[in-house]
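Inside the fold
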Amino acid sequence: MAKNTSENGKKLAILTSGGDSSGMNACIRTAVRSAMNKGYEVYGVRHGYVGLMNDDIFQMQYSSVSNCVHTGGTILRTGRTDEFKKISVQKEAAKNLTKRGVNNLIVIGGDGSFRGIEDLHQNTPLNVIGVPGTIDNDMGYTDYTIGFDTACNTVLDAMLKLRDTITSHDRIMILEVMGRHCGDIALKTAVAGGAEYVIVPEAPADVDAIAASVKKGFDKGKTSTIIVLAEGRNDLKDELREKVKQATGRTVNHVALSYIQRGGTPSMFDRVLASRMASRAVELIECGQSGRVVGVRGSDIIDMNVIEALACEKKFDDRLYALATSISK
Ligand code: ADP
Ligand code: F6P
């Protein structure tokens, strides 16, 4: 929805919020340069909403984003704070931009950050546009979030290395991956990496059946087994480890890749996605839009109302899950 279009100055701020993800810098770079190409003065807000509250804001130049397209993390840093959920705090924070004549803000982050966008849109004079940046790929309105592809490639690289060592020892590996309540990282990497089993929050897991099946696999001559365990079901870790060990009499190792998945040079996919999304975000600002978020569906960059976007249910890929569980035993 358009807001105060006529008053729009050519000033724009950018922040990154919540969990960092690889490709955020490519997004910042395109946003800064596309906006400057359109005649905007651009400001960076450090540490997400924390910096907005604390007036940690600086003017950016074309060169501020030199040499960052290939880097992980976020050059603007990121932050989390529950204080920002208060309307009074949001109103005060917005003043740190409006006092500089800045009425436009691009927020790169996950669903928590998007709730902040809606609040800023409703409660302050700012025009706010969101771009999805999180490794979790847990947002229903978009096929991909920035950083998911890179995180998956990191998992695949680790899986390859783990396969070497567990094959040498005839072992079983429980590989725990991130994703919060979403099983996308687990499912996609299990399929792409040829893992034997995958456990995700979206589908029931039968630990006894998995243990029996792992034993059967070794009886048939398998030399290694990888079970990908999504973070959202890590409550099963100990039971799984114990039961598989009992059933097979073999060593069962557990590795949680943890924060390694969040860093590293972004994949080509994430860099291009980030750049295309940033470009659309700047176009929306240019049109005086607010309370909208950018996404991708198929090969198309889309945008939609942030409330509608947050209400979109994240669909689980049942067919891919069925495929994953049918081809690797
Ligand atoms: P992500 O954006 O990666 O999901 P978080 O859920 O931690 O990460 O959210 C990032 C930040 O967004 C929070 O620390 C908080 O400052 C802000 N935020 C989260 N939920 C809300 C909300 N309901 N209203 C306003 N701001 C919010
Ligand atoms: O949302 C990204 C993510 O890395 C999740 O996969 C994970 O559950 C969470 O952030 C970890 O957050 P923190 O940085 O607070 O430990």
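In short, a report on the structure.

Cut-offs and rules
- Residues numbered from 1 in each chain as written.
- Chains lettered and ligands numbered in written order.
- Predicted model: local features only at pLDDT ≥ 70, side-chain atom pairs only at ≥ 80, totals over all residues.
- Heavy atoms only, no water.
- Phe/Tyr/Trp six-rings, centres within 6.5 Å; stacked < 30°, edge-to-face > 60°.
- Helix = DSSP H or I, 4+ residues; strand = E, 2+ residues; numbered from the N terminus.
- Buried < 20%, exposed > 50% of the residue type's maximum accessible area, 1.4 Å probe, protein only.
- Near = heavy atom within 4 Å.
- Polar contact = N/O pair within 3.5 Å; in protein donor to acceptor, adjacent residues only side chain to side chain.
- Areas by Shrake-Rupley, 256 points an atom, 1.4 Å probe, with all protein chains shown as cover.
- 1 Å grid on protein atoms, 1.4 Å probe; cavity = no way out; pocket = protein on both sides within 12 Å on 5 of 7 lines; lining within 4 Å.
- Sits in = over half its atoms within 2 Å of the grid points.
- Nonpolar A, V, L, I, M, F, W, Y, C, P; charged D, E, K, R; others polar.
- Pairing = 2+ DSSP bridges.
- Points joined across faces, edges and corners; volume = space filled by probe spheres on them.

Applying the stated rule across the entire model yields 5 aromatic pairs. Note on Tyr49 and Phe84: the rings are 4.1 Å apart at their centroids and 5° apart in plane angle, and the pair reads as stacked. Placement of the pair is Tyr49 in helix 2 (residues 48-54) and Phe84 in the loop between strand 3 (57-60) and helix 3 (87-98), with a sequence separation of 35 residues. The same class applies to Tyr49 as to Phe84, namely buried. Pairing Phe114 with Tyr141 gives two aromatic rings, centres 6.2 Å apart and planes at 45°, and the pair type is tilted. Of this pair, Phe114 sits in helix 4 (residues 111-123) while Tyr141 sits in the loop between strand 5 (127-132) and helix 5 (148-169), and the two are 27 residues apart along the sequence. Assessed through its relative accessible area of 0%, Phe114 is described here as buried. Aromatic rings pair up to connect Tyr144, Phe148 and Phe269 into one cluster.

Turning our attention to the site of ligand 1. Neighbouring residues of ligand 1: 16 residues in total, closest Arg80, Thr81, Gly110, Ser113 and Asp119. Contact between ligand 1 and Gly19: an oxygen atom at 3.3 Å from a main-chain N or O atom of the residue. Here ligand 1, which alone exposes 560 Å², has 85% of that area covered by the protein. Applying the majority rule of atoms within 2 Å of the grid points places ligand 1 in the largest pocket. Top element by residues in the shell around ligand 1 is helix 4. It accounts for 6 residues. A class-by-class count of the residues in the shell around ligand 1 yields 2 nonpolar, 9 polar and 5 charged.

Next up on the list: the pairing of strand 11 (residues 300-305). As defined by bridge partners, strand 10 (residues 292-297) adjoins strand 11 across 6 bridges and the pair is classed as antiparallel. Note on strand 11: the bridge partner recorded for Arg292 is Asn305. In this structure, the hairpin formed by strand 10 and strand 11 is closed by a connection of 2 residues, where Gly298 is found at a positive phi of approximately 60°.

What follows concerns the layout of surface pockets. The method is simple in principle: a probe with the dimensions of a water molecule rolls over the atoms, and the space it marks as empty is what remains. In this model, the largest pocket occupies a volume close to 670 Å³. Along its surface, the largest pocket is lined by 30 residues, and Gly18, Arg80, Gly112, Ser113 and Arg180 are the ones closest to its centre. Among the secondary structure elements, those contributing two or more residues to the lining of the largest pocket are helix 2 and helix 4. Examining the composition of the lining of the largest pocket, we find that 6 residues originate from one element, helix 4, more than from any other. Estimates place the volume of the second largest pocket at around 200 Å³. Taken together, 14 residues make up the lining of the second largest pocket; nearest its centre are Asp143, Asp184, Lys188, Lys314 and Lys315. For the lining of the second largest pocket, a count of residues per class yields 4 nonpolar, 3 polar and 7 charged.

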